[in-house]
Protein chains: 2
Amino acid sequence: MTEAVLKYLEENRESLLGKLEEFLSIPSVSTDGAHKQDVLKAGTFVANYLKEIGFQSVEIIETGGHPLVYGEWLEAKDAPTALFYGHYDVQPADPYELWDSEPFEPTVRNGKLFARGASDDKGQVFMHLAVCEAYMKTEGRLPVNVKVCIEGEEEIGSENLVPFLKNHKDKLAADFALISDSGMVAKGQPTMLYGLKGFTGLEVTVKGPNRDLHSGLYGGAVKNPAMALSHILASLKNDQEVVTVPGFYDDVEALPAEERQLMNEAPGENYPESVGIPQTSSEQGYTVNEHIMARPTLEINGMYSGYQGEGTKTIIPSTATAKITCRLVPGQDPQTIQDKIVDYIESHVPDGVEVSVKREALSAKAYKVDPDHPLLQKAADQLSEAFGKETVFVRLGGSIPVVESIDQLFNIPVVLLGFGTPEDNLHSPNESFPLDHFHKGMEVLVNYYHDVAQVK
Amino acid sequence: MTEAVLKYLEENRESLLGKLEEFLSIPSVSTDGAHKQDVLKAGTFVANYLKEIGFQSVEIIETGGHPLVYGEWLEAKDAPTALFYGHYDVQPADPYELWDSEPFEPTVRNGKLFARGASDDKGQVFMHLAVCEAYMKTEGRLPVNVKVCIEGEEEIGSENLVPFLKNHKDKLAADFALISDSGMVAKGQPTMLYGLKGFTGLEVTVKGPNRDLHSGLYGGAVKNPAMALSHILASLKNDQEVVTVPGFYDDVEALPAEERQLMNEAPGENYPESVGIPQTSSEQGYTVNEHIMARPTLEINGMYSGYQGEGTKTIIPSTATAKITCRLVPGQDPQTIQDKIVDYIESHVPDGVEVSVKREALSAKAYKVDPDHPLLQKAADQLSEAFGKETVFVRLGGSIPVVESIDQLFNIPVVLLGFGTPEDNLHSPNESFPLDHFHKGMEVLVNYYHDVAQVK
Ligand SMILES: [Zn+2]
Ligand SMILES: [Zn+2]
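Residues numbered from 1 in each chain as written. Chains lettered and ligands numbered in written order. Predicted model: local features only at pLDDT ≥ 70, side-chain atom pairs only at ≥ 80, totals over all residues. Heavy atoms only, no water.

Thoughts on the coordination of the zinc ion (ligand 2)
Residue and element names in this part refer to chain B.
Reasoning step 1: Donor atoms from the polypeptide that bind the zinc ion (ligand 2) are H87 (NE2), D120 (OD), D181 (OD) and D181 (OD), placed at 1.9 to 2.7 Å.
Reasoning step 2: Considering all four donor atoms around the zinc ion (ligand 2), angles at the metal cover 51 to 144° and the coordination shape is irregular.
Reasoning step 3: Counting gaps between the donor residues of the zinc ion (ligand 2) yields the pattern H-x32-D-x60-D. Remark: D181 occurs in the loop between β7 (176-179) and β8 (191-196) and D120 occurs in the loop between β5 (112-114) and α4 (122-139); sequence separation between them is 61 residues. (Donors = N, O, S within 2.8 Å, 3.2 Å for Na, K, Ca; no water. Tetrahedral: all angles 85-135°; square planar, octahedral: opposite > 155°, others 65-115°. Helix = DSSP H or I, 4+ residues; strand = E, 2+ residues; numbered from the N terminus.)

Okay, structure coming up:
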């Protein structure tokens, strides 16, 4: 039933690729004020494309920052409505000298399309638009209702997205959300992401003397803030990678044996080699895959105190600071976890120093959708079919804030249909996207749009 | 018997102060290449003064850096020989705007002479030279033999001093060394320093992954180097300020009850307030004074890992580093202590990371002289007499490398006759030296030179 649509994509390969290259040529670097007009140009490209395809109510919505592009096609009576989210802004391309071809002059080499944004996220946004074009040009309609929301500020924190979603809850109401801004666990290995971690963070500062002191004249009178901080940090996690803050694991949802098995079967990175460590370390009682995907973590992200230059400076530092973030799993409330850590630290202040804790305001709950949900199963089936390989179901140790926001605001399943690969060099020089993922991915989308029309 | 000498100093107060001001006017900043000629000029001032006084074999000795000035007067048959050490270089004076008068335009205000070097060490060097002048002008001789060695690189590490001392061991041979480059525990409180701490140092680096990693994608697989470092550091000292490295205290000389009492009676800083801490911290079983003066310490001087900027960066840092120095007491060998710490760290490397330890090459043994030694007792008596107050005997938590070098090379007592005060602002803007310490100090020196002529 989708042959004509697929044929359209097949026959228009070159022109579609050309159109994507046009999109990628716009240096829509959202973080750089000098590219403000380019960001707008990329948004306009999206809006114009939506209009060409036949979307209604297409708007370039001012936000105070870079605009959001909205469009909708709602004529699929009785079919479900998808809220499609993506972003048209890109990371900066510097250092330019490390690129083998110009970041904003898309180039095909070795079956990959090289350009900033090729994978993250212009390439993947474009796939959805091209599939919609193919449907409209061949069948004159889409199989499902689609509300498209493409922002221009993802790479700078999506500051204006959540207020927009909040203020237009009715307009944006949908049965599920669809996002293609992620990747597969390996090139050619179809992957369904069914869970993400949440996070919370804080910064601990141990304040000792009011200035750096001579370690000879004051050593023996004054508690060393760097040592006090080390004692505090060492009390948060033991050498078996178990977080020792009381109650940290209280609300963690149990991990069923079948899910653990799935996780352990998931293909992954060849860890000790890939990152150059003597051996992996994971929580006592859990495998690396289980810990990464489904167990919470507490990490020191940065730490500083006293003298950092060459050689020696014999001081007792005035202060010592550590930045800490936790990745959270379903069941854990970010605020509660932050409270528990802060309470624990504040109730174990070493004598002779003061300790202040700065709470990181940004936080997110973990996200998880039932992997057996038909919306995911249908996607998995189409991925397996197109890529000729069984789809693996994985949970990600990272967080995607927009997913948490959509989950919280709309309480709908979020389907994360990512076509990127670990070799795409996101946010790095020589970003690329494999052309076979581009073409097979559109095939998946054509069939998926068709299949989910039946899901109620 | 010293009346004439004291009278000479009295009668020449103004001209001697004028001559000191001339010495202080030379900006002999050893660290600043732009002042190379000024440093030489100050050295020449010293050499010329020595010649005027009647010293023999006066030389300005090239060192590759700033020159050393040497001179000797050896005609006191049967009397002991003193090796007098000092330095004619000074710390930089910036920030200039924080000085109330120009650093190199000596100014008297409120009974203090303000100038860079007034206390450290030109003022105190000058006192000895003026006293020698007074003796020569009145009695035509000095009571003791004096070998004078004044260097120009103290403030930049005395790099060329030790080789010079080593290469001229016979020429410099003396019965005791005399140094006035320190201070009293309080203004007007005569103080005899009879011990200094030694030191040793090292830098520990925990190496984790070969780059900073995404804490979501890798948290659960990779040991966090900052956390591993915290565990290592926390294992070196407990919260009772006891160093927990095995054998750290093995060779520490016992502290006799009488010495502990002396230490506890010594006047000192009003600690919690003076440095702005909630309370002092000292080694379990020892008072603050005992710990500072006579118990070894282990301090973290600096620590760094990962992200130190504003806000959050959710990484697992690639490495974490801490700089550590220990202050050592008599009995402890710096090399042995360094070995013990390195061995302990290297035999407790957490799984999943590598640890490397860089040994700090510079080290020093502690120095201690018997406080009952007649060379010290005579100095104490004269100090008590001149300042009208009982002299306190203290050991210093800091180190004076030249003392350790003289001790090791010549194995002679070092008399530390310091006339500075804690209010002198050494190495800071508005360095000063109290005029009454200048005058009373010279009185002490006159009588001390006289008294030690009898010491065998
Ligand atoms: Zn993205
Ligand atoms: Zn000095």
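Moving on from the model shown.
Points about the coordination of the zinc ion (ligand 1)
Residue and element names in this part refer to chain A.
Reasoning step 1: The protein atoms that coordinate the zinc ion (ligand 1) are H87 (NE2), D120 (OD), D181 (OD) and D181 (OD), at distances of 1.9 to 2.7 Å.
Reasoning step 2: Note that the zinc ion (ligand 1) binds four donor atoms; their angles at the metal cover 51 to 143°, and the shape is irregular.
Reasoning step 3: Going along the chain, you hit the donors of the zinc ion (ligand 1) in the pattern H-x32-D-x60-D.

Re helix α14 (residues 401-410) of chain B
Residue and element names in this part refer to chain B.
Reasoning step 1: Burial within α14 is extensive, with seven of its ten residues counted as buried.
Reasoning step 2: When we look at burial in α14, the residues that qualify are V402, V403, E404, S405, I406, L409 and F410.
Reasoning step 3: One or two steps after α14, the chain reaches N411, where phi turns positive at roughly 50°. (Buried < 20%, exposed > 50% of the residue type's maximum accessible area, 1.4 Å probe, protein only.)

Comments concerning the UniProt feature "domain: Peptidase M20 dimerisation" (unreviewed entry) in chain A
Reasoning step 1: Here, UniProt's "domain: Peptidase M20 dimerisation" (unreviewed entry) annotation points to residues 194-351 of chain A.
Reasoning step 2: Structurally, residues 194-351 of chain A comprises 30% helix and 23% strand, and the distance from its first C-alpha atom to its last is 46 Å. (UniProt positions renumbered as here; feature names shortened; annotations may be inferred.)

Overview of the packing of aromatic side chains
Reasoning step 1: Within this structure, the stated rule accounts for 14 aromatic pairs over all chains.
Reasoning step 2: Summarising the aromatic geometry, the rings of A:Y271 and B:Y218 are spaced 6.0 Å apart at their centres and angled 80° between planes, so their arrangement reads as edge-to-face. With A:Y271 in helix α10 (residues 271-275) and B:Y218 in helix α7 (residues 215-218), this residue pair bridges two chains. Summarising the burial analysis for this pair, A:Y271 and B:Y218 share the class buried. (Phe/Tyr/Trp six-rings, centres within 6.5 Å; stacked < 30°, edge-to-face > 60°.)

Focus: the sheet that holds strand β18 (residues 432-434) of chain B
All names here are of chain B.
Reasoning step 1: Read across the sheet, three strands follow the order β4-β5-β18 without closing on themselves; strand pairing throughout is antiparallel. Here the strands that pair on one side only, and so sit at the sheet edges, are β4 (107-109) and β18. Each adjacent strand pair in this sheet contributes to an overall mean axis angle of 30°, direction not counted.
Reasoning step 2: Where β4 meets β5, three bridges bridge the pair, whose relative direction is antiparallel. Counterpart to V108 in the pairing with β5 is L113. (Pairing = 2+ DSSP bridges. Axes fitted to C-alpha atoms, helices over the stretch in contact; angles between N-to-C directions.)

A short note on the pairing of β7(B)
All names here are of chain B.
Reasoning step 1: The two faces of β7 match: F176 and L178 on one face and A177 and I179 on the other face are all buried.
Reasoning step 2: In this sheet, β7 lies alongside strand β3 (residues 81-87) in parallel orientation, the contact comprising four bridges. Bridge pairing in β7 places L83 opposite A177.
Reasoning step 3: As paired elements, β7 and strand β17 (residues 414-416) share three bridges and run parallel to each other. Of the residues in β17, the one forming a bridge with I179 is L416.

Structural notes on a negative patch on the surface
Residues and elements named next belong to chain A.
Reasoning step 1: A cluster of acidic residues, D381, E385, E390 and E443, forms a negative patch on the protein surface.
Reasoning step 2: Among the secondary structure elements, E443 is positioned in helix α15 (residues 435-452).
Reasoning step 3: Taking the relative accessible area as the measure of exposure, E443 reaches 34% and is therefore partly exposed. (Patch = residues over 30% accessible without salt bridge, like charges linked within 9 Å, V, L, I, M, F, W, Y side chains within 5 Å. Areas by Shrake-Rupley, 256 points an atom, 1.4 Å probe, with all protein chains shown as cover. Salt bridge = Lys/Arg side-chain N within 4 Å of Asp/Glu carboxyl O. Lys, Arg positive; Asp, Glu negative; His and termini not counted. Charge placed at Lys NZ, Arg CZ, Asp CG, Glu CD.)

Structural notes on the state of the cysteines
Reasoning step 1: Applying the stated criterion across every chain, the model contains zero disulfides over all chains.
Reasoning step 2: We note that B:C132 lacks a disulfide partner, and the nearest cysteine sulfur, in B:C149, lies 14 Å from it. (Disulfide = S-S within 2.5 Å.)

A closer look at the interface of chain B and chain A
Reasoning step 1: With 77 residues of chain B in contact, the opposing surface of chain A contributes 76 residues.
Reasoning step 2: Across the chain B/chain A interface, buried area totals approximately 6000 Å², and carbon plus sulfur atoms make up 53% of it.
Reasoning step 3: Of all residues in chain B, B:M227, B:N301 and B:M303 give up the largest surface area on contact with chain A, accounting jointly for 11% of the area buried on that side.
Reasoning step 4: At the junction of chain B with chain A, the criterion picks out two salt bridges.
Reasoning step 5: A salt bridge links B:E241 to A:K223; the nearest nitrogen and oxygen atoms lie 3.0 Å apart.
Reasoning step 6: At the junction of chain B and chain A, the tally comes to 35 residue pairs in polar contact (both at pLDDT 80 or more).
Reasoning step 7: At ten residues, strand β11 (residues 297-306) of chain B tops the list of elements feeding residues into the side of chain B that touches chain A. (Contact = heavy atoms within 4.5 Å. Buried area = accessible area lost by both parts, 1.4 Å probe. Polar contact = N/O pair within 3.5 Å; in protein donor to acceptor, adjacent residues only side chain to side chain.)

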